[in-house]
Amino acid sequence: MKISEFADSLQMKVVTDGKGLDREISGVYICDLLSWVMSHANKGDVWITVHTHLNIVAVALLVELACIVVPEDIQVEEATIKKANEEGIAILRSGKTSYEIAVEANRIIGEET
Amino acid sequence: MKAYYDLHIHSALSPCADNEMTPNNIVNMAYIKGLDVIAVTDHNVALNCEAVLKCAKNRGIVAVPGMEIETKEEVHMLCLFPGLDEVLKMQSIVNKALPKMENREDIFGQQIIMDEDDNVIGNYNQMLLTATGLSIDEVFEKAGQLGGVVIPAHIDRDSFSIISNLGIVPDYLGIKYLEVSKACLVSDFLSSNPYLSQYSFIRSSDAHNLGDLMEKESSIEVREISIRGLLDSLKK
């Protein structure tokens, strides 16, 4: 499943400029310790985090994550969005909690496979 | 000249610190240990700084006004300021960014404000042991505007550290110094983290009880032993 389809299915807002939405999703990873994400997330994961600091873009690039999802309608800093646009990493925002996003993601990714 | 320091000490105003961490006890312990410069850096508050500065002056020790701010990323930042006015201005910014929750003394401990004679002049009611709404970037911006220096605290630890929480040290904040904790040897730390060799390091105690203050072992080269002399060195 592509990020754009994933975002549509979960009615998430794309806060970046639309680059990177064609990437394929291979899984979901949830964690807010960036050092942990760097060493444990997998390439192609959708990463759900409450962090909005600029460094989330660097971590996503490093691990080759599919995209970043910010839950609970948390506002993302302009500097982070700008950096994500430069690097072609999509940031999605949802009003749901990380748990609710994960449950729905499991359903739609499960339907596909 | 060399200044021996401990720039990360908690007073009894930090709920997690022992109540014996009074201004006089801290200063006298630093005096016994032969330290030249100390900073009392309570969690998100600076209301014991004035008493500590007065005690330190009587002992011929330099005390730097400071606080340990917890950013919204749950990263601890040592913030040191040129004067009491500046640290109290920062405290007011921090206070507005703290959640309006009362401290639970039974869980977290007391938050005691003292004067220079160690008299209790108040109990701080607001919960201090939590994250502010200020981002790391905002802490650097606000403290910088007040002439302060911001140092990411205990970066060798697995919690509340810029490296554990944010993965890497941001390169756009002009960070010069990083703090490692008392038990950490900078040379060992750098050999397992060689990418941090561009930074300078301070090593302080993060003392929550009197016995934990640094011995006379961490020093920094300063042009004079004063608040200004120390801050200038930390900005280099």
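Please refer to the structure placed before this passage.
## Considerations on the layout of surface pockets
One water molecule sets the probe size; rolling that probe over the atoms shows where empty space is left.
Here's step 1: Considering only enclosed or pocket space, the largest pocket measures out at about 260 Å³ in volume.
Here's step 2: Taken together, 14 residues line the largest pocket, and the ones lying closest to its centre are Val50 and His51 of chain A together with Lys72, Glu73 and Glu74 of chain B.
Here's step 3: The residue makeup of the lining of the largest pocket, split by class, is four nonpolar, five polar and five charged.
Here's step 4: Considered as a void within the structure, the second largest pocket measures approximately 210 Å³ in volume.
Here's step 5: Lining the second largest pocket we find Leu54, Asn55, Ala58, Leu61 and Lys83 of chain A together with Ile168, Val169, Pro170, Asp171, Tyr172, Gln198 and Tyr199 of chain B.

## Comments concerning the side chain of His43 of chain B
Here's step 1: Turning to its location among the elements, His43 of chain B is positioned in strand 2 (residues 37–43).
Here's step 2: Ignoring anything within four residues of it in the chain, the contact list for His43 of chain B reads His10, Ser14, Cys16, Glu68, His76, Leu128, Leu129 and His208 of chain B.

## Quick look at the pattern of salt bridges
Here's step 1: All chains considered together, the criterion is met by 17 salt bridges over all chains.
Here's step 2: The salt bridge partner of Lys82 of chain A is Glu86 of chain A, with a shortest N-O separation of 3.4 Å. Taken as a pair, Lys82 of chain A and Glu86 of chain A lie in helix 4 (residues 78–87) at a separation of four residues, close to a single helical turn. Glu86 of chain A shares its class with Lys82 of chain A; the two are exposed.
Here's step 3: Here Arg104 of chain B ties to Asp106 of chain B by a salt bridge, and the two come within 2.8 Å at their closest N and O atoms.

## Focus: the pairing of strand 3 (residues 45–48) of chain A
Residue and element names in this part refer to chain A.
Here's step 1: The alternating pattern of strand 3 places Asp45 and Trp47 and Val46 and Ile48 on opposite faces, both of which are buried.
Here's step 2: With four bridges joining them, strand 2 (residues 27–30) and strand 3 adopt parallel strand pairing. Looking across to strand 3, one finds that Val28 is bridged to Val46.
Here's step 3: Regarding topology, helix 2 (residues 34–40) serves as the crossover connection from strand 2 to the parallel strand 3, and that connection is right-handed.
Here's step 4: Pairing of strand 3 with strand 4 (residues 67–70), which is carried by three bridges, proceeds in the parallel orientation. What sits directly across from Trp47, in strand 4, is Ile68.
Here's step 5: What joins strand 3 to strand 4 is helix 3 (residues 55–63), and the crossover it makes is right-handed.

## Focus: the interface of chain A and chain B
Think of interface size as the accessible area that goes away when the parts come together; that is how it is often given.
Here's step 1: Opposite the twelve residues of chain A that make contact, chain B presents 13 residues.
Here's step 2: For the pairing of chain A and chain B, the buried interface totals around 960 Å² over both sides, and the portion due to carbon and sulfur atoms is 58%.
Here's step 3: Interface area lost by chain A to chain B is led by His51, His53 and Asn55 of chain A, which between them contribute 44%.
Here's step 4: Applying the counting rule to chain A against chain B returns one salt bridge.
Here's step 5: We note a salt bridge from Lys72 of chain B to Glu77 of chain A, for which the minimum N-O separation is 3.4 Å.
Here's step 6: At the level of secondary structure, the elements contributing two or more residues to the side of chain A that touches chain B comprise helix 2 and helix 3 of chain A.
Here's step 7: The class makeup of the residues in the side of chain A that touches chain B is five nonpolar, five polar and two charged.

What counts, and at which threshold
- Residues numbered from 1 in each chain as written.
- Chains lettered and ligands numbered in written order.
- Predicted model: local features only at pLDDT ≥ 70, side-chain atom pairs only at ≥ 80, totals over all residues.
- Heavy atoms only, no water.
- 1 Å grid on protein atoms, 1.4 Å probe; cavity = no way out; pocket = protein on both sides within 12 Å on 5 of 7 lines; lining within 4 Å.
- Points joined across faces, edges and corners; volume = space filled by probe spheres on them.
- Nonpolar A, V, L, I, M, F, W, Y, C, P; charged D, E, K, R; others polar.
- Helix = DSSP H or I, 4+ residues; strand = E, 2+ residues; numbered from the N terminus.
- Contact = heavy atoms within 4.5 Å.
- Salt bridge = Lys/Arg side-chain N within 4 Å of Asp/Glu carboxyl O.
- Buried < 20%, exposed > 50% of the residue type's maximum accessible area, 1.4 Å probe, protein only.
- Pairing = 2+ DSSP bridges.
- Right-handed = clockwise from strand over helix to strand, strands pointing away.
- Buried area = accessible area lost by both parts, 1.4 Å probe.

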